[in-house]
Amino acid sequence: MQKISRYLYPNRIELLADVAEFSVEFTNVYQRNLKIYNGIDNTIEVDIKNADQKRIDLSTLSQIQMNVMDVNGTALPNSPYTIVPTSLKGIGSTKIPQEDLVDLSDQYLTFSVTALKNGNDIMLYSDTRFGATGTIELIGNALPTY
């Protein structure tokens, strides 16, 4: 009998909050694209860290929002999506409803995440090189069509 190993990666994005306003020494070796599927509601988690790669308390931030744009730069119908903090420090989640994806074909979407800290807008970077945008891969239907 053959055994096939599989790994289940969470649909989680690591974000960097530049709240201390100094450069980052940590570099990601491998950064994968986030994958979402047409035909289902997609839950996305964010892991927000500071420059020391430690999770920050999300109660210090407000109005954490994810902007998602299609290949033409047009925002999805309900974008920006509000990121709701979870019980875990530094972890939040949002949901992209299937209705927002129904008219889209397979493509690479772009996202950015912003928040308010002490009344000022801050960008939450999707990589350690201070890249403000990340990539979401929209894949065809997860369920069969009838």
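The rules we used
- Residues numbered from 1 in each chain as written.
- Predicted model: local features only at pLDDT ≥ 70, side-chain atom pairs only at ≥ 80, totals over all residues.
- Heavy atoms only, no water.
- Helix = DSSP H or I, 4+ residues; strand = E, 2+ residues; numbered from the N terminus.
- Contact = heavy atoms within 4.5 Å.
- Areas by Shrake-Rupley, 256 points an atom, 1.4 Å probe, with all protein chains shown as cover.
- Polar contact = N/O pair within 3.5 Å; in protein donor to acceptor, adjacent residues only side chain to side chain.
- Core = buried A, V, L, I, M, F, W, Y, C linked by side-chain atoms within 4.5 Å.
- Buried < 20%, exposed > 50% of the residue type's maximum accessible area, 1.4 Å probe, protein only.
- Salt bridge = Lys/Arg side-chain N within 4 Å of Asp/Glu carboxyl O.
- pLDDT = per-residue confidence, 0-100.

Counting its regular elements, the chain contains zero helices and ten strands. For the chain, the α and β elements follow one another from N to C terminus as β-β-β-β-β-β-β-β-β-β. Relative to all contacts within the chain whose residues are 6 or more apart in sequence, the contacts with residues 24 or more apart total 71%. Looking at the chain as shown, the accessible area adds up to about 9300 Å², and 49% of this sits on carbon and sulfur atoms.

Summarising the element assignment, Ser79 is placed in the loop between strand 4 (62-69) and strand 5 (81-82). Of the polar contacts made by the side chain of Ser79, one reaches the backbone nitrogen of Val68; its length is 2.9 Å. Those residues in contact with Ser79 that lie beyond four places of it in its chain are Met66, Asn67 and Val68.

This next bit is on the nonpolar core. Counting residues in each nonpolar core, the largest one holds 28 residues, and the members touching the most others are Ile48, Ile64, Met66, Val68 and Leu124. Counting residues per element, the ones that place at least two in this core are strand 1 (12-17), strand 2 (34-38), strand 3 (42-49), strand 4, strand 8 (107-117), strand 9 (120-125) and strand 10 (134-141). When residues of this core are assigned to their parent elements, the largest contribution, four residues, is made by strand 8. The contact partners of Ile48, leaving out residues within four places of it in the chain, are Leu15, Ala17, Lys54, Arg55, Ile56, Leu58, Ile64, Gly90 and Leu124.

So, about the pattern of salt bridges. Applying the stated rule across the entire model yields three salt bridges. Between Lys49 and Asp47 there is a salt bridge, and its shortest N-O distance comes to 3.9 Å. Asp47 matches Lys49 in its accessibility class, with the two residues each being buried. Put simply, Arg55 and Asp47 hold a salt bridge, and the shortest N to O gap is 2.9 Å. With relative accessibility at 3%, the residue Asp47 sits in the buried group. In this structure, a network of salt bridges that share partners links the residues Glu14, Asp47, Lys49 and Arg55.

On to the environment of Val102, then. Turning to its location among the elements, Val102 is positioned in the loop between strand 7 (91-96) and strand 8. When its relative accessible area of 55% is taken as the criterion, Val102 is described as exposed. Once the C-alpha coordinates of Val102 and Ile40 are considered, the two residues, 62 residues apart in sequence, prove to be 9.4 Å apart.

Turning our attention to the confidence of the model for the chain. Overall, the prediction assigns the chain a mean pLDDT of 81, with 80% of residues at 70 or greater. For the chain, the element scoring lowest by mean pLDDT is strand 1, at 77; strand 5 scores highest, at 93.

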